[in-house]
Amino acid sequence: METQKLIQLYRRLEGCEPVSVQRLPGAGSNRQYYRLTGKDGKTLIGCIGTSTEENQAFFNLSLCFAARHLPVPAVYDISDDHTCYLMEDLGDCSLFDFIREGRESGGAYDEMEEVMLQLVMSELPQFQFETASDDVYQQCYPVPAMDDQSIQFDLNYFKYCYLKLTGVEFNEIRLEADFQQLKHDLLAVEEQGFMYRDFQARNVMLKEGRPYYIDYQGGRKGPIYYDVASFLWQASAHYSDELRNRLIDAYLSSLEAYIHIDRETFMQRLRLFVLFRTLQVLGAYGFRGLWEKKQHFIDSIPAALENLRACLAQGTCDAYPYLKETILKLQTPSQPPRKGEEFIPSQLNIQPNNGVTTPSPCGRVGEGSVLTITIYSFSYKKGIPADESGNGGGYVFDCRSTNNPGRYEQYKQLTGLDQPVIDFLEQDGEILTFLESVYRLADFHVQRYLDRGFTHLQFAFGCTGGQHRSVYSAQHLAEHLHQKFGVTIDLHHREQNIHTVLSASDHS
């Protein structure tokens, strides 16, 4: 039973079992939340997460923030295997709920709603600067700071999950040149602090009339402008320019306690991050909406495009002429894909621009190019993972010929990352013989791609549930290739909602 570990953790904390365990509505993440009620009526929130590193990051960051007297939930205990933890119950009212009327009226926020928004914006600098220290950054997951690679991932999200899914024609080499300049400009910003990364109204809870902050486990060191852009340019919020300016004033007034920056300079740099954040958001809307056919995300695209057009009007894109040219081609989707309609990326009508052939990202880009290997584990019941790089090559391996730990009760709640499952597979031996052949094939292919200057290769391992054999195989190939070749590995255990990057810079 999935809640058994939570109940055991509660017993360790309180000395007795809870009288009720109520599952709370999901929020689109890989985490499941429960409200545990004791005999005295006191409630706690329990979280079960598939990523133990992410769970540990939230737990450790919460302790760091609480020590600095920041308004975050108290965390009480985490399981020995880091799969679940207990924290303070902040109730059910988020800032997103509190400002619902203003949002649904198209931006007509009343005085109470604006006062709360101003309070939240004035508290943001506390998180950014009170926590700006090495002891905090060491707790961050998956990376301690925003870097070149993480920016590239976000820009590729826009390129492959929005541009290509809408059929916009573009020259990939010219667009990549502008992306390189944009990355340089983003990383050149000096005003750094703790970057919350997911600073939005849904992640602010209101308890007894005051805000508390949650879901900061993806935070890292980064430019202070990112969170301001994330909050104030959230596509569905419908903040007017006048309200945004007042909220920026509230933020800048609080910021003065830490650093001084004149408003004109701040706004110039902020616009750069509004552009970056909007590109990233459109990538998410493209994937969740145009690809996965989720109507909420399709409905959000027009507001995001309006934010992008505002960036054009303000001249933010002038430094990136080909990106600007590409954005000008974007149109609000008038006929979103019909529900259930097949949408196959390989059938997209992506034509060369101005007669110049658009190279695949796997194509040769010259000496010194960096190979990234994407590796998936997955369940065949849910389909083979798409290749979002545009390469379209690589390998898919079927692990179902090997003995399945999932047929045995003691392994059903575990994955191929857990030691009992690892021991079962390795003692049985079939998976080792299987991987010997995979390693020989993969080693040859990776070496050829390195020799020829290619930049992307994908491997995927499928089994029945995407839980045991495929997870074990994907994890071991990732570690094998990272150790042998020192390349960057982008590892996705899809059905477990676990994503890990093994950076080339971490190779020893």
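Quick caveat, the model's predicted, so the values are computed rather than measured. (Residues numbered from 1 in each chain as written. Predicted model: local features only at pLDDT ≥ 70, side-chain atom pairs only at ≥ 80, totals over all residues. Heavy atoms only, no water.)

Some details on the overall build of the chain
Here is the rule we go by: The secondary structure listing takes helices from DSSP runs of H or I that are at least 4 residues long and strands from runs of E that are at least 2 residues long, numbered from the N terminus. Exposed residues in this analysis have more than 50% of their type's maximum accessible area, buried residues have under 20%, and partly exposed residues fall in between, with area computed by a 1.4 Å probe over protein chains only. Whether two residues are in contact is decided by their heavy atoms, any of which lying within 4.5 Å being enough. Note that accessible areas follow from Shrake-Rupley with a 1.4 Å probe, and for residues the cover is restricted to the protein chains shown.
Counting secondary structure elements, the chain contains 16 helices and 14 strands. A burial count over the chain gives 53% of its 508 residues as buried. When contacts within the chain are restricted to residue pairs at least 6 apart in sequence, long-range pairs at least 24 apart make up 72% of them. For the chain, the exposed area adds up to about 23,200 Å²; of that, 48% sits on carbon and sulfur atoms.

As for the packing of aromatic side chains
Test applied: Only Phe, Tyr and Trp rings take part, Trp by its six-membered ring, and two of them pair if their centres are within 6.5 Å. Stacked means planes under 30 degrees apart, edge-to-face means over 60, and tilted covers everything else. Counting as a charge over the ring demands two things of the Lys NZ or Arg CZ atom: a distance within 6 Å of the ring centre and an angle within 35 degrees of the ring normal.
For the structure on display, the rule yields 29 aromatic pairs. Centre to centre, the rings of Phe65 and Phe194 are 5.3 Å apart; their planes meet at 80°, and the pair counts as edge-to-face. Of this pair, Phe65 sits in helix H2 (residues 52-67) while Phe194 sits in strand E6 (residues 192-195), and the two are 129 residues apart along the sequence. Overall, the relative accessible area of 0% leaves Phe65 in the buried class. The class of Phe194 is buried, set by a relative accessible area of 1%. Ring geometry for Tyr395 and Phe397: centres 5.9 Å apart, planes at 15°, overall stacked. Owing to a relative accessible area of 12%, Phe397 belongs among the buried residues under this scheme. One aromatic cluster is present, formed by Phe58, Phe65, Tyr85, Tyr109, Phe127, Phe194, Tyr196, Phe199, Tyr213, Tyr216, Phe231 and Tyr239 through successive ring pairs. One residue, Arg210, lies across the ring of Tyr212, its end atom 5.8 Å from the ring centre.

Some words on the packing of helix H10 (residues 241-255) against helix H11 (residues 263-291)
We count it as follows: In this analysis an axis means a line fitted to C-alpha atoms, helices contributing only their contacting stretch, and an angle means the value between N-to-C directions, from 0 to 180 degrees. Angles below 35 degrees are treated as roughly parallel, those above 145 as roughly antiparallel, those between 65 and 115 as roughly perpendicular, and all remaining angles as oblique. Throughout, a crossing is termed right-handed when the near helix is turned clockwise from the far one, and left-handed when it is turned anticlockwise from it by less than a right angle. Ten residue types, Ala, Val, Leu, Ile, Met, Phe, Trp, Tyr, Cys and Pro, are classed as nonpolar, four, Asp, Glu, Lys and Arg, as charged, and the remainder, Gly among them, as polar.
The geometry of H10 relative to H11 is characterised by a closest axis approach of 12 Å and an angle of 115° between their N-to-C directions. In terms of axis orientation, H10 runs roughly perpendicular to H11. When the axes of H10 and H11 are compared, the crossing they make is right-handed. Residues Asn245, Ile248, Asp249, Tyr251 and Leu252 of H10 pack against Arg263, Phe266, Met267 and Leu270 of H11. Considered class by class, the residues forming the contact of H10 with H11 number six nonpolar, one polar and two charged.

Overview of the pairing of strand E10 (residues 372-379)
As a reminder of what qualifies: Whether two strands pair comes down to DSSP finding at least two bridges between them.
Among the eight residues of E10, eight are classified as buried, and the element is accordingly described as predominantly covered. Residues of E10 alternate between two faces, with Thr372, Thr374, Tyr376 and Phe378 on one and Ile373, Ile375, Ser377 and Ser379 on the opposite face, all of them buried. Across six bridges, the pairing between E10 and strand E13 (residues 488-493) is parallel. Within the sheet, the bridge partner assigned to Thr372 lies in E13 and is Thr488.

Side note on the packing of helix H7 (residues 148-166) against helix H8 (residues 172-187)
Axis angle and axis distance: for two packed helices, these are the angle between their axes and the distance between the axes, and together they describe the pair. Running from N to C, H7 and H8 point in directions that differ by 140°, and their axes come no closer than 10 Å. The way H7 lies across H8 gives a crossing that is right-handed. Across from Asp148, Ile151, Gln152, Leu155, Phe158, Lys159, Tyr160, Leu163 and Lys164 in H7, the residues of H8 making contact are Glu172, Leu175, Glu176, Phe179, Gln180, Leu182, Lys183, Leu186 and Leu187. The residue makeup of the contact of H7 with H8, split by class, is ten nonpolar, two polar and six charged.

Here's the deal with the environment of Val501
Tracing the backbone shows Val501 in strand E14 (residues 498-502). Classification of Val501 as partly exposed rests on a relative accessible area of 23%. Placed 359 residues apart in sequence, Val501 and Pro142 show a C-alpha to C-alpha distance of 7.4 Å. Dropping the residues within four chain positions of it, Val501 is found in contact with Gln149, Phe153, Thr488, Ile489 and Asp490.

A few points about the nonpolar core
To keep it simple, the criterion reads: Among buried residues, those of type Ala, Val, Leu, Ile, Met, Phe, Trp, Tyr and Cys that are joined through side-chain atoms within 4.5 Å constitute a nonpolar core.
Counting 95 residues, the largest nonpolar core has Phe65, Phe266, Leu270 and Leu275 as the members making the most contacts within it. Element by element, the count of residues in this core is highest for H11, at 13 residues. The next biggest cluster of nonpolar side chains, apart from the first, holds 33 residues, and it includes Leu371, Leu457, Phe459 and Leu477.

Structural notes on the sheet that holds strand E2 (residues 31-37)
The strand order across the open sheet formed by five strands is E1-E2-E3-E5-E4, and the pairing between neighbours is antiparallel. Each edge of the open sheet carries a strand with a single partner, namely strand E1 (20-23) and strand E4 (75-78). Each adjacent strand pair in this sheet contributes to an overall mean axis angle of 25°, direction not counted. Pairing of strand E3 (residues 43-49) with strand E5 (residues 84-88), which is carried by five bridges, proceeds in the antiparallel orientation. Following the sheet pairing, Cys47 is matched in E5 by Tyr85. The sheet contacts of helix H1 (residues 4-14) involve E1, E2, E3, E4 and E5, and relative to E5 the element is tilted by about 50°.

So, the pattern of salt bridges
In plain terms, the rule: Any carboxyl oxygen of Asp or Glu that lies within 4 Å of a side-chain nitrogen of Lys or Arg is treated as forming a salt bridge with it.
Under the definition given, this model contains 33 salt bridges. Residues Glu17 and Arg11 are paired through a salt bridge, measuring 2.5 Å at the closest nitrogen-oxygen approach. According to the relative accessible area criterion, Arg11 is partly exposed, its value standing at 33%. Between Asp80 and Arg12 there is a salt bridge, with its nearest N and O atoms 3.2 Å apart. Taken together, the residues Asp80 in the loop between E4 and E5 and Arg12 in helix H1 connect sequence positions 68 residues apart. On the accessibility criterion, Arg12 (44% relative accessible area) is partly exposed.

What is shown is where atoms sit, not what they do.
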